[in-house]
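# A look at the structure
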Amino acid sequence: MAIVSLMIIISLMMLLWYGFTAFYSLWWNPKKLEKQLREQGIKGSSYKFYHGHMKESHQLTMEALKKPMNLNHHIAPSVVPFTWKTVQTYGRVSFHWTGTILRLIILDTEMMKGVMTEKNGHIQKPPVECFNPLFADLPKGITNLEGEKWLKHRRIIKPAFHLEKLKGMMPAFTTSCSELIARWKKLADLTKGSCELDILPDMQTLTSDIISRTAFGSNYEEGKKLFELQNEQIALFIEASQSTYIPGFRFIPTKKNLRRKLLDKEINGILRRFISKREELMKTDPSSSNDLLGLLMQSNNSENSDRLTIEEVIDECNVFYLVGQETTRSLVTFTMIVLAMHQNWQDKAREEVEQICGKNLPDFDAINRLKIMEMVLNEVMRLYPPGPELYRYTGKRTKLGNLSIPAGVILTVPLILAHHDPEYWGDDSQEFNQERFSEGVSNASKDKLAYFPSSRGHKVCLGQNFALIEAKMALTMILKNFSFELSPSYTHAPYVVLDLAPQHGAQIILHQL
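Reading the values: rules and limits
Residues numbered from 1 in each chain as written. Predicted model: local features only at pLDDT ≥ 70, side-chain atom pairs only at ≥ 80, totals over all residues. Heavy atoms only, no water. Helix = DSSP H or I, 4+ residues; strand = E, 2+ residues; numbered from the N terminus. Rg over C-alpha atoms; globule rule 2.2 N^0.38 Å. Buried < 20%, exposed > 50% of the residue type's maximum accessible area, 1.4 Å probe, protein only. Contact = heavy atoms within 4.5 Å. Areas by Shrake-Rupley, 256 points an atom, 1.4 Å probe, with all protein chains shown as cover. Lys, Arg positive; Asp, Glu negative; His and termini not counted. Charge placed at Lys NZ, Arg CZ, Asp CG, Glu CD. Expected span 1.5 Å × (residues − 1). Phe/Tyr/Trp six-rings, centres within 6.5 Å; stacked < 30°, edge-to-face > 60°. Lys NZ or Arg CZ within 6 Å of the ring centre and 35° of its normal. Pairing = 2+ DSSP bridges. Axes fitted to C-alpha atoms, helices over the stretch in contact; angles between N-to-C directions. Disulfide = S-S within 2.5 Å.

With that settled, consider the overall build of the protein chain. Of the regular secondary structure elements, the protein chain holds 19 helices and 13 strands. In summary, the protein chain has a C-alpha radius of gyration of 25 Å against a globular reference of 24 Å for 513 residues, a match within 12%. Taking the principal axes of its C-alpha atoms as reference, the protein chain extends roughly 95 × 60 × 40 Å. For the protein chain, the residues scored as buried account for 51% of the 513 residues in total. The long-range share in the protein chain, meaning contacts at least 24 apart out of those at least 6 apart in sequence, stands at 72%. In the form shown here, the protein chain has an accessible surface area of approximately 24,100 Å², with 56% of it arising from carbon and sulfur atoms. In the protein chain, the 61 positive side-chain charges and the 56 negative ones have mean positions that sit 5 Å from each other.

Here it is, written out as structure tokens:
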């Protein structure tokens, strides 16, 4: 009898404990965080039990996806509709809720700088579980590592993007771009010398091919299966992120959960085969260790403290294949769309290319002398930043300006709003005006902290120069061979997948020169 009574007491205590834990995490803690922010004068939407504002956010996103925009550059209300609405309603520093996670929007330049340059470790990349626990199954490369692990991986990877290495990549850039030009010329009508096509798939092929050649000594055809699997993997995780996660759901053997696990296994298998192939090549060809995969493999074979495990090598390859192509694909695609909308600047950019390159293929020095091209790319990244929002997480209580931000808050830095803000860019902030960058990036806006397409500080994107050179090479060769205009079938609807992309494709009419 005593044993039964003891078991009942233990069961009741466990129920009380679980009940208290649920009450604390689902109500008490969110309300406590909200109170701390309101006491400092920060406004925002009141917490709603469990779901927060996910339903409203999803609804605004779905409405935006159904409505094409006018053919202009005022895209922020459609690309980040809930962030835009929150800022319009509650101010430049305001908050809302994703489930039980408080999101603090920061649109003050000094505070934005503080978020991106903080070095004490109080502000970190958000744990993937903050977005959806399913994301815990994604590869953990340098893009989401922190602390000593992040430093170790960055030390190993950084030499792959040194200036001399980038110069050495120019033949690979040229080869990939030449293949694109040859494909487009074959499509052109023999009598009219023109054709209409959606350039988005070709931009994916181009950037994937360049990543394969420069970082992994391969090409698009060899990596094609990997890219296809990664794209399916992205689609499944994005679909999951748009719904409320039920605790423990990732372990239930549903059709999609099983597919996610199978995709992960197949992707890792392909990468393992790439790595095995490179191991054999490195035994006979020392020069094969000069690219990103070679550096990762050298580290794996090293005995020093910076040694990577084979699983870490696979994760870095996985992340770089995935992320490395997205940014440049977005940038080149939207640059062509913008230049098709502004034919006068397309003509000026082409004149500069012809003046500097003549009939020669562009080389590294020529690429870096293209001032109009650089101004165009900077303005396109201002209007159409590949990553419209940057996210950080307060691992500990931290000071930002005059505010004390508690631990456990996601900090949302909406660079697309900063890049379009009249306060920083003037009355023509929604217009394409590349001449605002004529005196350099630091003099382009009223506040030099208002432009940060690749983040800022010690965590600035390692591959930003790689992406810019890749974009310049592609656009230079396209301008040398074609003029282009928007097709009547083009629908202007930028939206966010991993990076900014045209929702309905990028239909362009090419005219061979």
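Okay, helix H19 (residues 464-481) next. In a regular helix each residue adds 1.5 Å, so 18 residues correspond to 26 Å; H19 covers 26 Å between its end C-alpha atoms and thus fits that length. Here H19 lies mainly inside the structure; 14 of its 18 residues are buried.

Attention now goes to the packing of aromatic side chains. Applying the stated criterion across every chain yields a total of nine aromatic pairs. Ring geometry for Phe 161 versus Phe 466: centroids 6.0 Å apart, planes at 85 degrees, classification edge-to-face. Of the two residues, Phe 161 is situated in the loop between helix H6 (147-157) and helix H7 (163-168) and Phe 466 in helix H19; the sequence distance between them amounts to 305 residues. Assessed through its relative accessible area of 4%, Phe 466 is described here as buried. An angle of 70 degrees between the planes, with centres 5.5 Å apart, marks the rings of Phe 173 and Phe 466 as edge-to-face. Taken together, the positions of Phe 173 in helix H8 (residues 170-187) and Phe 466 in helix H19 put the pair 293 residues apart, joining distant regions of the chain. Comparing Phe 173 with Phe 466 shows no difference in burial state: the two are buried. Three or more aromatic residues joined by ring pairs form one cluster here, namely Trp 27, Tyr 47 and Trp 97. Here the guanidinium or amino end of Lys 348 rests over the ring plane of Trp 345, the centre of that ring lying 4.0 Å away.

A few words on the sheet that holds strand E10 (residues 482-486). Spatially, the three strands line up as an open sheet ordered E5-E13-E10, and their pairing is antiparallel. A single partner strand is all that each edge strand has here, and the edge strands are strand E5 (194-198) and E10. In this sheet, adjacent strand axes meet at a mean angle of 30 degrees when their direction is disregarded. In the packing of H8 onto the sheet, contacts are made with E5, E10 and strand E13 (507-512), and the angle to E5 comes to roughly 120 degrees.

So, about unusual backbone geometry. Positive phi is not limited to glycine here, since Tyr 50 has a value of about 70 degrees. Within the fold, Tyr 50 resides in the loop between strand E1 (43-44) and helix H2 (54-66).

In this section: the state of the cysteines. Two cysteines form a disulfide when their sulfur atoms are joined by a covalent bond. Evaluation of the coordinates by the stated rule reveals zero disulfides. Lacking any disulfide linkage, Cys 195 is separated from the closest cysteine sulfur, that of Cys 177, by 17 Å. For Cys 195, a relative accessible area of 12% corresponds to the buried category. Not part of a disulfide, Cys 357 finds its nearest cysteine sulfur in Cys 177, a span of 12 Å.

Alternating positions in strand E9 (residues 410-413) separate into two faces, Ile 410 and Thr 412 on one and Leu 411 and Val 413 on the other, with burial throughout. The sheet contact formed by strand E3 (residues 101-106) and E9 spans three bridges and is parallel. Across the sheet, the residue bridging to Leu 104 is Leu 411, located in E9.

Let us look at the sheet that holds E1. Strands sit in the order E1-E2-E3-E9-E6-E4 across an open sheet of six strands; the sheet is mixed. Strands with a single pairing partner mark the edges of an open sheet, and in this sheet they are E1 and strand E4 (123-124). Across the face of the sheet, helix H4 (residues 81-90) comes into contact with E1, strand E2 (93-98) and E3 while running at roughly 135 degrees to E2.

Take it as geometry only, folks, not as evidence of what the structure does.
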